[in-house]
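Here is how the chains run, residue by residue.
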Amino acid sequence: MDIMDEAERPKDDADVRVGRRVRALRLERKLSLAELAAKAGISIGALSQIERGMSSLRVKVIWPLAAALDIEPSALIADGDEAVNDLFCVRADKRRSIPVKSEGIAKALLSPPAATLTGMLVTVEAGGGTAESYAHAGHEFGFVLSGEVELVVDATTYLLKAGDSFAFKSTLLHAFRNPGAERCQILWVNTTKPSEVRDGA
């Protein structure tokens, strides 16, 4: 490896990090390459190169790109040591909430934008639960982290406590509630994107 390669590596790494960040932000906002490029006033090819880390994010592009993503320019060029989300990770303090219908349930998205699986931290307060049974496409898996949950799948009821787990086809009618006196938390993984689920929670 020559001196030039060693000198260029940090810059390449920074470009890759920025590119992943841009793509993650674009996917979170459900924008295509063409849509974001049009909003930012740059070519699709230029945006594609930025996302792939093949081109540096120039100053004249940072501002319109940040405006198109509705973020501060500094969010695009955060230092490598700063904890930020990207295509492959979600930081604990930067989780997005998933809207729910039922009382006493909160869902935080754990999976990054490029993930095929949807990971969630589901919190069910004492007495909280789904308003009704529901079903949708896909499969799901869960692991009870704390508390207890009453899970109903295909008319069969299971009382699950911390350390218990479950898995079933999402097309089966299912519902859940917390019958205990303490908050319940569940690591829940679904093969369906949150926006595609029309459920009772």
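- As recorded in an unreviewed UniProt entry, the protein goes by Cupin domain-containing protein and comes from Mesorhizobium album.

1. Some words on the packing of helix 2 (residues 33-40) against helix 4 (residues 59-69)
Right, on to step 1. Where helix 2 contacts helix 4, the two axes come as close as 8 Å, and the packing angle between them is 120 degrees. With respect to each other, helix 2 and helix 4 are oriented oblique. Regarding helix 2 and helix 4, the two cross each other, and that crossing is right-handed. Taken together, the residues of helix 4 that come into contact with helix 2 (itself represented by Leu36, Lys39 and Ala40) are Pro64, Leu65, Ala68 and Leu69.
Right, on to step 2. Considering only residue class, the contact of helix 2 with helix 4 consists of 6 nonpolar, no polar and 1 charged.

2. Observations concerning helix 3 (residues 44-51)
Right, on to step 1. Taken as a whole, helix 3 has its buried residues at Leu47, Ser48, Ile50 and Glu51. Each buried residue of helix 3 lies within a common arc of 160 degrees when the element is viewed along its axis, so the set occupies one face.
Right, on to step 2. Remark: Gly53 follows helix 3 within two positions and exhibits a positive phi of approximately 75 degrees.

Reading the values: the criteria
- Residues numbered from 1 in each chain as written.
- Predicted model: local features only at pLDDT ≥ 70, side-chain atom pairs only at ≥ 80, totals over all residues.
- Heavy atoms only, no water.
- Axes fitted to C-alpha atoms, helices over the stretch in contact; angles between N-to-C directions.
- Helix = DSSP H or I, 4+ residues; strand = E, 2+ residues; numbered from the N terminus.
- Parallel < 35°, antiparallel > 145°, perpendicular 65-115°, else oblique.
- Left-handed = near helix turned anticlockwise from the far one by under 90°.
- Contact = heavy atoms within 4.5 Å.
- Nonpolar A, V, L, I, M, F, W, Y, C, P; charged D, E, K, R; others polar.
- Buried < 20%, exposed > 50% of the residue type's maximum accessible area, 1.4 Å probe, protein only.
- Arc of directions from axis to C-beta.

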